[in-house]
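Tertiary structure, described
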Amino acid sequence: MKLSRKIIEKLSDMPLALAKTQAKDLIIDNTNQVKKQVTAWRLRQDIDRANSSSELQRILWMIMLSSEGLSVTNSAWKNHYRSYA
């Protein structure tokens, strides 16, 4: 999953509807791997449920940090997405 840091930094200043659209656009499905499809589906669900642009920004920062190897092993956040895969 490739994320744009510039867009993530601007999310908290956007109106919620626009921020949700931008966040969904950043999530790319990898159709070859079912696990990644399920994770992307779960991320889209969380984006739809977010109550604020700041919450969307937090979700995408966590994704970006995790993709760079900066996540905690067996964290509740990672298990939240793995439980659906």
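From a predicted model like this one, the values you see are computed outputs, not experimental measurements. (Residues numbered from 1 in each chain as written. Predicted model: local features only at pLDDT ≥ 70, side-chain atom pairs only at ≥ 80, totals over all residues. Heavy atoms only, no water.)

**Comments concerning helix α2 (residues 16–26)**
- Among the residues of α2, A19, K20, A23 and L26 are the ones counted as buried. Around the axis of α2, the buried residues are gathered within 120° of arc, so they sit on the same side. In α2, the exposed residues that point more than 90 degrees away from the buried face are A17 and D25. (Buried < 20%, exposed > 50% of the residue type's maximum accessible area, 1.4 Å probe, protein only. Helix = DSSP H or I, 4+ residues; strand = E, 2+ residues; numbered from the N terminus. Arc of directions from axis to C-beta.)

**Considerations on helix α4 (residues 53–67)**
- With 15 residues, α4 extends 21 Å from end C-alpha to end C-alpha; this agrees with the ideal 21 Å at 1.5 Å per step.
- Buried residues of α4: S53, L56, Q57, I59, L60, I63 and M64, and no others. Around the axis of α4, the buried residues are gathered within 160° of arc, so they sit on the same side.
- Where α4 ends, the next residue or the one after it, G69, has phi of about 85°, a positive value. (Expected span 1.5 Å × (residues − 1).)

**So, the nonpolar core**
- Ranked by size, the top nonpolar core spans 18 residues in total, and within it L3, I8, L60 and I63 carry the most contacts.
- Where this core is concerned, the elements lending two or more residues are α2, α3 (34–49) and α4.
- Sorting elements by how many residues they give to this core places α4 first, with 5 residues.
- Every residue in contact with I8, bar those within four places of it in the chain, is listed here: L3, L26, Q57, L60, W61 and M64. (Core = buried A, V, L, I, M, F, W, Y, C linked by side-chain atoms within 4.5 Å. Contact = heavy atoms within 4.5 Å.)

**Here we look at the pattern of salt bridges**
- In total, this model carries 4 salt bridges according to the counting rule given.
- For the salt bridge of R42 with D46, the shortest nitrogen-to-oxygen distance reads 3.8 Å. Of this pair, R42 and D46 both sit in helix α3, 4 residues apart, which is roughly one turn of that helix. Like D46, R42 is buried.
- R58 is the salt-bridge partner of E55, the closest N and O atoms lying 2.7 Å from each other. Note that E55 and R58 are positioned in helix α4 at a spacing of 3 residues, about one turn of the helix. (Salt bridge = Lys/Arg side-chain N within 4 Å of Asp/Glu carboxyl O.)

**Structural notes on the packing of α2 against α4**
- Between α2 and α4, the least distance of the axes is 9 Å, while the angle of their chain directions is 15°. One way to sum up the angle between α2 and α4 is to call them roughly parallel. Helix-helix and strand crossings are classified by hand; for α2 and α4 the assignment is left-handed. Contacts between α2 and α4 involve L16, A19, K20, A23 and L26 on the former and, on the latter, S53, L56 and L60.
- For the contact of α2 with α4, the residue count by class is 6 nonpolar, 1 polar and 1 charged. (Axes fitted to C-alpha atoms, helices over the stretch in contact; angles between N-to-C directions. Parallel < 35°, antiparallel > 145°, perpendicular 65-115°, else oblique. Left-handed = near helix turned anticlockwise from the far one by under 90°. Nonpolar A, V, L, I, M, F, W, Y, C, P; charged D, E, K, R; others polar.)

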